[in-house]
Amino acid sequence: MPIKTMKKKLLYPLIGLFALLVIAVSILLITRKSSKESSDAIRAIPIDAAVVIRINSISEIADQLYGKNSFWNALGSFSLVSQVNDFFEYSQQNLKQSSLFEQVVLTNQVFISVHGVGKGTPATLFLTNIPERLKPADISVLAADLITDQYRVEEKEYNGARIFTATHKTDETANSFSFAIHLNVVSFSQSLHLVESAVGQLGSGVSLINDKAFVDAISTAGTKINLNVLVNHAKIPAAFSLQIHPSQRSGFEWLANTSRWTELDLSVKDDAFYLNGFAQVSDSINSFYRVFAKQKPVKIGVTRVLPAQTAAFITLGISNLTNYLSSYREFLEKKGSLNAYNVKINRFNQAVGFNIAELYSSFFGTELALTYIPFEGEKYGDCWFVVAEAQSQSLARQELTQAIEKYARKSNLSSRSFEKDFAVDREKSVKIYKFPLSGMHTNLFGGMFEIANDQYFTFIDSYVVFGSSVESLSRLILANIHNKQLAVEQSFVEFSQSLATESNFTAFISPAKAEVLYGQILQPSTAARILSRTEAVSKIQGVALQLTGGKKMIFNNIATRYTPYSVDAPQTVWESRLDTIITMKPQLVINHNTQNREIFVQDIKNNIYLINDIGRVLWRRPLPEPILGEVNQVDVFRNGRLQYIFNTRSHLYLIDRNGNNVSGFPVVLRSSATNPVAVFDYDNNRDYRFFIAGEDRSILVYNRQGNIVTGWDFDKTEKHVTQPIQHFQHGGRDYIVFADANRLYFLDRRGNERIRLSQIFAKAPHSSIALETTSNRATRFVTTDTLGVVKFISTDGMIQDKLVKSVSPNHFFDFQDVDADGSNDFILLDGNELSVYKSDGKLLFSTKFKDEPLPNVFYFHFGARDRKLGVTCPESSQIFLINGDGSLYKGFPLKGITPFSIGRFANTKSTFNLITGSRSGYVLNYAVQ
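Residues numbered from 1 in each chain as written. Predicted model: local features only at pLDDT ≥ 70, side-chain atom pairs only at ≥ 80, totals over all residues. Heavy atoms only, no water.

Undergrad: Please give an account of the overall build of the protein chain that cites residues and values.
TA: Helix and strand counts for the protein chain stand at 21 helices and 53 strands. For the protein chain, the C-alpha atoms occupy an extent of roughly 115 × 80 × 45 Å along the three principal directions. With 929 residues in all, the protein chain has 53% of them scored as buried. The long-range fraction of contacts in the protein chain, counting pairs at least 24 apart against all pairs at least 6 apart in sequence, stands at 58%. Surface exposure of the protein chain reaches about 40500 Å², of which carbon and sulfur atoms provide 48%. Across the protein chain, the centroid of the 96 positively charged side chains sits 3 Å from that of the 88 negatively charged ones. (Helix = DSSP H or I, 4+ residues; strand = E, 2+ residues; numbered from the N terminus. Buried < 20%, exposed > 50% of the residue type's maximum accessible area, 1.4 Å probe, protein only. Contact = heavy atoms within 4.5 Å. Areas by Shrake-Rupley, 256 points an atom, 1.4 Å probe, with all protein chains shown as cover. Lys, Arg positive; Asp, Glu negative; His and termini not counted. Charge placed at Lys NZ, Arg CZ, Asp CG, Glu CD.)

Structure (structure tokens):
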């Protein structure tokens, strides 16, 4: 690094500390009188410190972080991280020039303390001892090189020490800094006041070493830990209140009452940072943490009902509510606040006509949570909820509704007026209740719950959820209907590995989801700094603080974890989670009762599901095997009620709309299936025929009763048939068409050969067979062989060849009118390239994808002039909808890993709905305009 650049970097606070520490030591070693008096640097820390950091070796930290740690590198856009990295770089350069720098700075124990100066402004003080082996002459050369005429140095006497203040002569934006050496302790800060305080502290005879709570805390520090953090809860508000939004500062000041000192040890991993240690809850000190001293840790379960979009939550694990409330009242009494608490409780009890403490004790389980869920379109205040675990839902419903009835009688109101049915869909509704008054949790458990309006409540599993309105609670209900909970959200699942499964207090925030929260809680300029670094913030999976009690010391676990991926949530109408990943194209099926669309899917565990148009799973059923191909709907009883027909390798299934087997099914196949079942209704009279190719190379034909059809007389194919058998009708004739690896077969209804081909060829395995009927040309079938040659097959068996493009044997082929000009076009997908050619061989368009798509292109006919093609690239989790001219349809690509279906639900205002599956096991419903 050039000398001029290096000197500019000294203006940064952290670099200024360590680089100018050498200057300070040099000046003071050269000028001080010989003295054997010394003291420990820790005794110089002013006793009003909010945070104290002890670093045994800066060099060791640099080795862990600089250029090596993925998480640290991802945070590089934050100014503090950037400044530390500049110092690490500066240190490496100086190490090459002088080992003295390492002795003075990098391997010497350093204390960093943070103090409040003014009203809520933090300032930092750095302290260290001068190694005994150092002599003035050893570093005078290094000092002379660092001190330049760019700085003006002023000196003052203070309590027997000389304090130096350096100010840049020309750069008015550069911060000045002060330093001193007294009793062998070097102190350094941008605040002259803190340096004076450190000097005065050394001469006072009083220090943090005399603070029993501090000594008890530091005694728990890990002996082999390089960096320890000690937090003085009582001083945190004084140091950081100006970083908090003015409307939240009174609540922030309450942190001073939580504990006295907490010690935390830093552990560093490539993708996570941890701070672990103990907080003291001595009987001699009144602190809120004491409410956890008599509580057993509680398993965290509330994430099973909190939606995946939850941005933050705080959960209290209360193993014994009576003891908790008693300890809380004792804390308030010693604080002088119990009388005000009792007045509010009594006033609330009188207003509602019952005792809220007794009510809560009658149904409460072990968890109470406050959560912020930023539902789109909801006001900030309506996005806060209180969630309480109940001993059982039925008990909680009984106790809470009885309380409402008691209030209703007292007020001469109908208890029914406090109930509302939220219609999830046509078949399911959920009751939402109105509590007599809002504020029960604030009055009973304290100001932490003041932000949440808890006047309405509902029940989800064994939890009571309180919210501000019927509308806000309905959003949370729907998220659970879709099985879209935080407990199964991929990012949170990964982050949860850093958390203890049991605790008495857990506070969690997802930085990427909490953008609105920053502006509401933090001072505007602080929030703006965070929001300006969205890329870095989006890669932080979460930050959490956990407290575990049950003893005289409260264990703290602070964790933050990094992911290299920044994944934007898909913009969906809804997302419904299945047990595992979808393995088939989600199929839109008809609800014969309402004529609306529903969704049929299967997952990787072979479970099949029926999902309605709002994303609710109507039923789930396990199967022993995966379904081959798609599911068809039939009306085997000819009464307007539809069933689902499909097959696995061993069985042919016919199930009704409720997921139950139709009598006579499933049918055990005579030979294991090699292709999906094909359903033919020759005369449109619902006398169905079900065609399946067998492992023994037979073609099995079943009727709607599940019996083998008599009169089908076909021997065997030469090879296995893997694609569905097709049925065409033209000119009063039926054509049953299929292919194996050797040849094509064209049969009639009885299995006799309908067309004898003039030449035998192998059809490409992913090539479809199309029937072309036009007024100006004889009817013909169209497909491709394994060389990619287009084969036109006339009904007399004659074949014409056309080479459109050289492709691999694994290419996909279809023959459809892509540009809506009335003439079919050749659709070819080979590798990662999709090409569409006109019938005369002219290229219509070609598109290349970054990774190879599935070997299927889906053709969508939206209107007379509107045709589109669908392609899925599972490796990148992208789905594409391509216009007839080759352009990408607006809004695409979207997230998805399966082939997709497009249709329209009755309750949507969009043009159509697109259904696909995600990598994390969700069925995604996109509204595509």
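After presenting the structure, the write-up continues.
Undergrad: Could you give me a rundown of the confidence of the model for the protein chain, with the residues and numbers involved?
TA: Here the protein chain averages 90 in pLDDT, and 92% of its residues register 70 or above. When the criterion is pLDDT under 50, residues 30-36 qualifies, and its contacts beyond four places in sequence or with other chains add up to six contacts. (pLDDT = per-residue confidence, 0-100.)

Undergrad: Could you give me a rundown of the pattern of salt bridges, with the residues and numbers involved?
TA: In this structure the tally under the stated criterion is 41 salt bridges. With its nearest N and O atoms 3.8 Å apart, the salt bridge here joins Lys 513 to Glu 489. Remark: Glu 489 occurs in the loop between helix 17 (470-481) and helix 18 (490-496) and Lys 513 occurs in the loop between strand 20 (505-509) and helix 19 (515-521); sequence separation between them is 24 residues. The class for Lys 513 is partly exposed, based on a relative accessible area of 27%. Its relative accessible area of 18% is what places Glu 489 among the buried residues. For the salt bridge of Lys 838 with Asp 825, the shortest nitrogen-to-oxygen distance reads 3.3 Å. (Salt bridge = Lys/Arg side-chain N within 4 Å of Asp/Glu carboxyl O.)

Undergrad: Please give an account of helix 17 that cites residues and values.
TA: With 12 residues, helix 17 should cover 16 Å at 1.5 Å per step; its first-to-last C-alpha distance of 16 Å lies within 8% of that length. Where burial is concerned, most of helix 17 is hidden: nine out of the 12 residues are buried. Among the residues making up helix 17, those that are buried are Val 470, Ser 472, Leu 473, Ser 474, Leu 476, Ile 477, Ala 479, Asn 480 and Ile 481. Among the residues trailing helix 17, Asn 483 stands out with phi positive, at a value near 55°. (Expected span 1.5 Å × (residues − 1).)

Undergrad: Hey, could you go over the packing of helix 12 (residues 321-335) against helix 13 (residues 338-352) for me, with residue numbers and the actual values?
TA: Interaxial distance between helix 12 and helix 13 falls to 7 Å at its minimum, and their mutual angle equals 130°. By the angle between their directions, the pair helix 12 and helix 13 is classed as oblique. Across the interface between the two elements, Tyr 328, Arg 329, Leu 332 and Glu 333 of helix 12 pack against Leu 338, Tyr 341 and Asn 342 of helix 13. Looking at side-chain class alone, the contact of helix 12 with helix 13 contains four nonpolar, one polar and two charged residues. (Axes fitted to C-alpha atoms, helices over the stretch in contact; angles between N-to-C directions. Parallel < 35°, antiparallel > 145°, perpendicular 65-115°, else oblique. Nonpolar A, V, L, I, M, F, W, Y, C, P; charged D, E, K, R; others polar.)

Undergrad: Describe the nonpolar core, listing the residues and the values that go with them.
TA: In terms of nonpolar packing, the biggest core is built from 101 residues, with Phe 292, Tyr 324, Tyr 360, Leu 368, Phe 445, Phe 457 and Val 464 touching the most fellow members. With 28 residues, the next largest nonpolar core counts Ile 373, Leu 473, Leu 486 and Phe 508 among its residues. (Core = buried A, V, L, I, M, F, W, Y, C linked by side-chain atoms within 4.5 Å.)

Undergrad: Residue-level account of the pairing of strand 6 (residues 177-182), with values.
TA: Buried residues dominate strand 6, accounting for six of its six residues. Neither face of strand 6 is exposed, since Phe 177, Phe 179 and Ile 181 on one face and Ser 178, Ala 180 and His 182 on the opposite face are all buried. Of the strand pairs in this sheet, strand 5 (residues 161-168) and strand 6 are connected by four bridges, and their pairing is antiparallel. When the sheet's bridge partners are listed, Ile 163 is paired in strand 6 with Ala 180. (Pairing = 2+ DSSP bridges.)

Undergrad: Let's hear about the packing of aromatic side chains: which residues, and what values?
TA: The final tally for this structure, using the stated rule, is 59 aromatic pairs. Seen in terms of ring centroids, Tyr 372 and Trp 384 are 5.2 Å apart; in terms of plane orientation they differ by 40°. Their pairing is tilted. Remark: Trp 384 occurs in strand 14 (residues 384-390) and Tyr 372 occurs in strand 13 (residues 364-372); sequence separation between them is 12 residues. For the pair Tyr 372 and Trp 384, a shared accessibility class is recorded, and that class is buried. Sitting over the ring of Tyr 735, Arg 754 keeps its end group 5.8 Å from the ring centre. Note that Lys 791 overlies the ring of Phe 761, its terminal NZ or CZ placed 5.1 Å from the centroid. (Phe/Tyr/Trp six-rings, centres within 6.5 Å; stacked < 30°, edge-to-face > 60°. Lys NZ or Arg CZ within 6 Å of the ring centre and 35° of its normal.)

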